[in-house]
Amino acid sequence: MKVPKKYRFIVELGKALHIYGIPSYRIQSYLTRVAKTQGLKGSFMDFPTWINYAFYDDEESYNYIECIPPGVLNLGALSRISELTNKVIASKINRDSIDEELNKIHAKTKKVNHFSLILAYAFSAGSFSLLIGTNLVSFGFSLLLGALIYLLLFLSTKSKYLENIFEAFSALIVTIISCLLAIVFPDLNIGLTILASIIIFIPGLAITTALEEITSKNLVSGGAKLFDSIISLFKQFFGVLLGLGLMSSLIDINLSNHVSDLPKWTMFCAVPVFSLTLFPIFQVRKKERLLGLLTGASAFYITLILSEYGIMVSTFIGTLAVVGLSRLFGIISKTPRTVYLTQGIILLVPGSKSFMGLSNSFLHSSAAGSGNLFEQVAFILMGIIGGLLFAGTFKGKSNIGTTENK
């Protein structure tokens with residue numbers, strides 16, 4: 001069905017925001033604001049797999065529904081779309097050029113540098129292993145397995161079957177390889193190496209985003225995304241359980257072995273490295289990388305400094321700081337604050353804690369040798385959501401664009 005020309009921009013904009021992983025409540029408020037500035041009346045509903053546009057005036061109404069697969073977060077595309085929309089609001093671009101500009105944005109997201117992505121996945125795994133305490137052997141193999149994960153991800157784009165089983169399959173392969181390596185390298189931290197290798201896919205950020213939507217009263221969309229995130233987590237854990245079950249029937253596996261002999265300063269070095277690995281993964285633009293790095297590092301260090309006050313309080317204050325920094329950096333760079341907010345929240349989310357909590361419950365052996373992990377997960381989630389709530393992140397006004405910061 002052909003969309004009337006006067007509505008086409010908003011329809012394409014909503015589709016683009018959905019594709020690039022923006023939370024539903026933000027898409028809805030953003031589209032409402034854009035429509036208002038264009039002299040149009042409408043209401044919009046975004047769900048994980050479809051969007052409903054309803055336009056109306058005094059004489060007629062128009063309704064359009066489009067089915068769209070769940071989006072994948074792309075901060076570079078988000079920033080470009082925000083700039084384009086602000087040009088439209090300021091009447092700096094005519095509507096005939098909008099489709100062309102959106103096509104250019106879509107084309108840029110398809111440009112992939114496989115070498116930089118292999119390095120990003122490798123060092124995200126390696127730096128995370130340093131963050132949670134490990135040894136040189138485990139760090140080295142985390143790098144190699146992280147690179148292997150990207151190769152599996154690339155292969156999954158060529159096969160629908162592999163794409164459907166990717167979470168469980170990648171966790172299974174990493175688990176089998178880690179167990180085999182432990183035969184030759186007894187000091188290998190099996191649990192932490194597995195966790196570090198697949199950390200980039202553990203849905204901590206997705207769980208937090210889902211809870212954001214639930215908190216903002218988008219119950220259907222938030223509930224669906226939360227359930228999808230939990231299922232994704234269980235798929236990965238199933239792959240690990242299957243791999244451990246297969247290997248334990250062949251060799252002796254000691255999951256309680258945990259050797260951490262690297263100096264503490266390596267953890268502090270790992271924080272900026274982990275933030276750097278997010279740039280190619282989320283396609284962050286060059287002009288937004290330095291401030292994004294500062295946001296992510298600040299989130300971690302503030303939480304670490306305040307850790308003596310408890311995990312929930314430190315996470316709450318860390319989240320407030322991240323929101324404040326993202327707003328400041330958004331004004332300075334004239335970039336959507338979501339670009340910086342996301343990079344900060346990623347270093348606070350409890351995906352790894354969730355995974356280790358499952359390990360502690362099902363295997364009676366913590367991956368990191370600490371107890372009460374489910375309690376820690378709950379406190380981290382409460383701290384993040386509470387921080388976002390008290391910082392005014394959930395208010396109705398859109399926080400994607402930059403014109404609001406003027």
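From a predicted model like this one, the values you see are computed outputs, not experimental measurements.

**As for the overall build of the protein chain**
For the protein chain, the count of helices and strands is 17 helices and 3 strands. Split into buried and exposed, the 406 residues of the protein chain put 53% on the buried side. Accessible area for the protein chain stands at about 18400 Å²; split by element, carbon and sulfur atoms hold 64% of it.

**Focus: the pattern of salt bridges**
A complete count under the given rule lists 8 salt bridges for this structure. Its salt-bridge partner being Lys 104, residue Glu 101 comes within 3.8 Å of it at the nearest N-O pair. Taken together, the residues span about one helical turn, with Glu 101 and Lys 104 both in helix H4 (residues 98-109) at a distance of 3 residues. In this structure Lys 104 comes out as partly exposed when scored by relative accessible area, which is 43%. Measuring nitrogen to oxygen at the nearest pair gives 3.2 Å for the salt bridge that ties Glu 288 to Arg 285.

**Regarding unusual backbone geometry**
One non-glycine residue, Gln 283, lies in the positive phi region at around 55°. Locating Gln 283 in the fold gives a position in the loop between helix H12 (265-281) and helix H13 (289-305). Given the relative accessible area of 24%, Gln 283 is considered partly exposed. Even without glycine at this site, Lys 334 takes up a positive phi of about 55°. Secondary-structure assignment places Lys 334 in the loop between helix H14 (311-333) and helix H15 (337-346).

**Points about the packing of helix H8 (residues 166-184) against helix H11 (residues 219-248)**
The geometry of H8 relative to H11 is characterised by a closest axis approach of 7 Å and an angle of 35° between their N-to-C directions. H8 and H11 meet at a crossing whose hand is right-handed. Residues Glu 167, Ala 168, Ala 171, Leu 172, Thr 175, Ile 176, Cys 179 and Leu 180 of H8 touch H11, and the partners they reach there are Ser 232, Lys 235, Gln 236, Phe 238, Gly 239, Val 240, Leu 242, Gly 243, Leu 244, Leu 246 and Met 247. A per-class count over the contact of H8 with H11 returns 12 nonpolar, 5 polar and 2 charged.

**Thoughts on a nonpolar patch on the surface**
A cluster of nonpolar side chains, Leu 180, Ile 183, Val 184 and Phe 185, forms an exposed patch at the surface whose accessible area comes to about 370 Å². In this fold, Leu 180 is placed in helix H8. According to the relative accessible area criterion, Leu 180 is partly exposed, its value standing at 43%.

**Points about the nonpolar core**
In globular proteins that are soluble, nonpolar side chains generally tend to be buried together. Ranked by size, the top nonpolar core spans 94 residues in total, and within it Ile 10, Leu 17, Tyr 53, Phe 55, Ile 81 and Ile 345 carry the most contacts. Excluding residues that lie within four positions of it along the chain, Tyr 53 makes contacts with Ile 10, Val 11, Gly 14, Lys 15, Leu 31, Ser 43, Phe 44, Tyr 62, Asn 63 and Tyr 64.

**Things to note about the sheet that holds strand E3 (residues 61-67)**
Taken in spatial order, the 3 strands of this open sheet run E1-E2-E3, and their pairing is antiparallel. Of all the strands in the sheet, the pair left with one neighbour each is strand E1 (42-47) and E3. Shown here is a sheet whose adjacent strand axes are inclined to one another by a mean of 5°, direction ignored. Summarising the sheet, E1 and strand E2 (residues 50-56) pair through 6 bridges and their orientation is antiparallel. Within E2, the position partnered with Met 45 by the bridge is Asn 52. The sheet contacts of helix H2 (residues 24-37) involve E1 and E2, and relative to E1 the element is tilted by about 160°.

**Let's talk about the packing of aromatic side chains**
The final tally for this structure, using the stated rule, is 15 aromatic pairs. Ring plane angle 10° and centroid distance 4.1 Å describe the contact between Tyr 7 and Phe 55, whose orientation is recorded as stacked. Placement of the pair is Tyr 7 in helix H1 (residues 5-19) and Phe 55 in strand E2, with a sequence separation of 48 residues. With relative accessibility at 5%, the residue Tyr 7 sits in the buried group. Ring geometry for Phe 329 against Tyr 340: centres 5.9 Å apart, planes inclined by 80°, an arrangement best described as edge-to-face. Highlighted residues: Phe 329 in helix H14 and Tyr 340 in helix H15, separated in sequence by 11 residues. For the pair formed by Phe 329 and Tyr 340, the shared burial category is buried.

**Quick look at the side chain of His 18**
The topology assignment puts His 18 in helix H1. Under the relative-accessibility criterion, His 18 is labelled buried at 5%. At a separation of 3.2 Å, a polar atom in the side chain of His 18 contacts the main-chain carbonyl oxygen of Pro 48. If sequence neighbours within four positions are ignored, His 18 has contacts with Ile 27, Asp 46, Phe 47, Pro 48, Thr 49, Ile 51, Ile 68, Pro 69, Pro 70 and Gly 71.

**Let's talk about the packing of helix H6 (residues 136-156) against H8**
Two elements in contact, H6 and H8, have axes whose closest approach is 10 Å; the angle formed by their N-to-C orientations is 150°. In this view, H6 runs roughly antiparallel relative to H8, as classed from their interaxial angle. As H6 runs across H8, the sense of the crossing is right-handed. Along the contact surface, H6 presents Phe 141, Leu 145, Leu 148, Ile 149, Leu 152, Leu 153 and Ser 156, while H8 presents Phe 166, Phe 169, Ser 170, Ile 173, Val 174, Ile 177, Ser 178 and Leu 181. Grouping the constituent residues of the contact of H6 with H8 by class yields 12 nonpolar, 3 polar and no charged.

Rules of the game
For every chain, the first residue of its written sequence is number 1, and the numbers climb from 1 along that sequence. Reporting in this predicted model follows two pLDDT cut-offs: at least 70 for local features of residues, and 80 or more for side-chain atom pairs to be given and counted; totals over whole chains, interfaces and linings ignore these cut-offs and use all residues. Side-chain calculation: all heavy atoms of the structure are included, whereas hydrogens and water are not. Segments assigned H or I by DSSP are reported as helices when at least four residues long, segments assigned E as strands when at least two residues long, and all are numbered from the N terminus. Burial classes: relative accessible area under 20% of the type maximum marks a residue as buried, over 50% as exposed, and values in between as partly exposed (1.4 Å probe, protein chains only). For the accessible areas, the method is Shrake-Rupley and the probe is 1.4 Å, while residue cover comes only from the protein chains on display. Between Lys or Arg on one side and Asp or Glu on the other, a salt bridge is scored when a side-chain nitrogen of the former is within 4 Å of a carboxyl oxygen of the latter. Axis lines are fitted through C-alpha atoms, for helices just across the contact stretch, and the angle between N-to-C directions can take any value from 0 to 180 degrees. Whether a crossing is left-handed or right-handed is set by the direction in which the near helix is turned from the far one by less than a right angle, anticlockwise for left-handed and clockwise for right-handed. Residue contacts are defined here by distance: any two heavy atoms, one from each residue, within 4.5 Å place the two residues in contact. In the scheme used here, Gly and all other residues not listed as nonpolar or charged are polar, with Ala, Val, Leu, Ile, Met, Phe, Trp, Tyr, Cys and Pro taken as nonpolar and Asp, Glu, Lys and Arg as charged. In this analysis, a patch consists of residues with relative accessible area above 30% that form no salt bridge, clustered at 9 Å for like charges and at 5 Å for the nonpolar side chains Val, Leu, Ile, Met, Phe, Trp and Tyr. Only buried Ala, Val, Leu, Ile, Met, Phe, Trp, Tyr and Cys residues count toward a nonpolar core, and they belong to the same one when joined by side-chain atoms within 4.5 Å. Here a strand pair is declared whenever DSSP counts at least two bridges between the two strands. Only Phe, Tyr and Trp rings take part, Trp by its six-membered ring, and two of them pair if their centres are within 6.5 Å. Stacked means planes under 30 degrees apart, edge-to-face means over 60, and tilted covers everything else. Think of a polar contact as two N or O atoms within 3.5 Å of one another; within protein, one of them needs to be a possible hydrogen donor and the other a possible acceptor, and neighboring residues in sequence only count if both atoms come from side chains. To sort the angles, those under 35 degrees are grouped as roughly parallel, those over 145 as roughly antiparallel, those from 65 to 115 as roughly perpendicular, and the leftovers as oblique.

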